[in-house]
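Listed below are the residues making up each chain.
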Amino acid sequence: MATSDKVFGQRNERPASFIFADGAHIAAREYGFYSINNFVLAPADELFNTCFKSDDLGAKFPVTAMAVRLAPIPHLYFLVFHTAIYLAYAKEILGADESTMAEIMVGIQKGVDDIRTPGGKPLGSAVKPSLISAAVSFSTAMIEDLRAARAAGAAAVQQPASQATKLLLGLVERSFHEANVENPPLLHGIGSEHAQRLQLLNDRPARVFNALQTNLQVRLMAPQ
């Protein structure tokens, strides 16, 4: 009886790498590392500032004053929110295998280790795993949102907040108050006055997915 390797071909457990439209390519571990710093620092800053500091989007979120006063805390969640977009893109859109995803996570871990507080100190030992866990949870929520949107198609009914948005705002709120992240009080009673901010958060993953796929043309390159 033939072995499974003979029937299906030898299983390749080496990770793929990532190639860009200009021909540049990076290893999966580098993709993970850059997705927690180089790729996302400016977008995370911009999104945080727009959501919590801008006066151009109507009424501000209930925790805005606290978020602005203690900005480094929620900013970390905005950072890994963007990291999760790269995770979701690799897994759901490019179909990266387990070995590739594992290497990406190694890179993210290294990136988290390199993060410093405003005072120049490393993050606390309890903070690092919580950020990585948040990135994975964000990624899962984004994939669920993407699949739900695909399934609904043109008949989709716009929800006030996506699963990823709810999780982000819930974690920001829990930074200051004990709350149920699955059903954050921050979202209770938020009406049309917050629609622009919610829409901004809802749209961010899809916008980055599109940029990665269409503009940068990031795709997988099989191991050589």
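If you're wondering where the values come from, they're calculated on a predicted model, not measured in any experiment.

Chemist: Please set out unusual backbone geometry residue by residue, giving values where relevant.
Modeler: Positive phi, close to 50°, is recorded for Q217, a residue that is not glycine. Looking at where Q217 falls in the secondary structure, it is placed in the loop between α9 (195–215) and β3 (219–221).

Chemist: I'd like a rundown of the nonpolar core, residues and numbers included.
Modeler: Counting 59 residues, the largest nonpolar core has Y31, F52, F78, I104 and F138 as its most contacted members. The set of elements that each furnish at least two residues to this core consists of α2 (28–34), α3 (41–52), α5 (72–93), α6 (98–114), α7 (127–152), α8 (163–174) and α9. Element by element, the count of residues in this core is highest for α5, at 13 residues. I104 has contacts with F18, A28, Y31, G32, L87 and A90, leaving out every residue within four places of it along the chain.

Chemist: I'd love a proper account of the pattern of salt bridges, names of residues and values included.
Modeler: When their charged atoms lie close together, side chains carrying opposite charge are able to pair. Inspection of the entire model under this criterion finds seven salt bridges. The salt bridge partner of E103 is R29, with a shortest N-O separation of 3.0 Å. In this pair, E103 sits in helix α6 while R29 sits in helix α2, placing the two residues 74 residues apart along the sequence. Since its relative accessible area comes to 21%, E103 is described here as partly exposed. For R150, the salt bridge is made with E92, and the minimal N-O distance between the two is 3.0 Å. Here R150 is found in helix α7, whereas its partner E92 is found in helix α5, with 58 residues between them in sequence. Each member of the salt-bridge network shares a partner with another, and the members are E92, R147 and R150.

Chemist: Please provide a residue-by-residue account of the packing of α3 against α9, values included.
Modeler: Packing of α3 against α9 leaves a shortest axis separation of 10 Å and a crossing angle of 160°. In this view, α3 runs roughly antiparallel relative to α9, as classed from their interaxial angle. Between α3 and α9 the crossing geometry is left-handed. Between α3 and α9, the contacting residues are P43, E46, L47, T50 and C51 on the first element and R197, L200, L201 and R204 on the second. Residues of the contact of α3 with α9, tallied by class, amount to five nonpolar, one polar and three charged.

Chemist: Tell me about the environment of G107, and please be specific about residues and values.
Modeler: With respect to the element layout, G107 can be found in helix α6. Classification of G107 as buried rests on a relative accessible area of 1%. For the pair formed by G107 and S35, sequence separation is 72 residues and the distance between their alpha carbons is 8.5 Å. When sequence neighbours within four positions are dropped, the list of residues in contact with G107 reads R29, G32 and F33.

Chemist: Pulling in residues and values, what's your account of the layout of surface pockets?
Modeler: Roughly 230 Å³ of internal volume is contained in the second largest pocket. Counting residues per element, the lining of the second largest pocket draws most heavily on α5, which supplies four residues. Residues belonging to the lining of the second largest pocket are distributed by class as follows: nine nonpolar, four polar and one charged.

Chemist: Describe α8, with residues and values.
Modeler: Compared with the 16 Å implied by 1.5 Å per residue over 12 residues, the 16 Å span of α8 between its first and last C-alpha is a close match. Where burial is concerned, most of α8 is hidden: nine out of the 12 residues are buried. The set of residues buried in α8 consists of A164, T165, L167, L168, L169, G170, L171, V172 and E173. Check the buried side of α8 and you find it contacts α3, α5, α7 and α9.

Conventions used here
- Residues numbered from 1 in each chain as written.
- Predicted model: local features only at pLDDT ≥ 70, side-chain atom pairs only at ≥ 80, totals over all residues.
- Heavy atoms only, no water.
- Helix = DSSP H or I, 4+ residues; strand = E, 2+ residues; numbered from the N terminus.
- Core = buried A, V, L, I, M, F, W, Y, C linked by side-chain atoms within 4.5 Å.
- Buried < 20%, exposed > 50% of the residue type's maximum accessible area, 1.4 Å probe, protein only.
- Contact = heavy atoms within 4.5 Å.
- Salt bridge = Lys/Arg side-chain N within 4 Å of Asp/Glu carboxyl O.
- Axes fitted to C-alpha atoms, helices over the stretch in contact; angles between N-to-C directions.
- Parallel < 35°, antiparallel > 145°, perpendicular 65-115°, else oblique.
- Left-handed = near helix turned anticlockwise from the far one by under 90°.
- Nonpolar A, V, L, I, M, F, W, Y, C, P; charged D, E, K, R; others polar.
- 1 Å grid on protein atoms, 1.4 Å probe; cavity = no way out; pocket = protein on both sides within 12 Å on 5 of 7 lines; lining within 4 Å.
- Points joined across faces, edges and corners; volume = space filled by probe spheres on them.
- Expected span 1.5 Å × (residues − 1).

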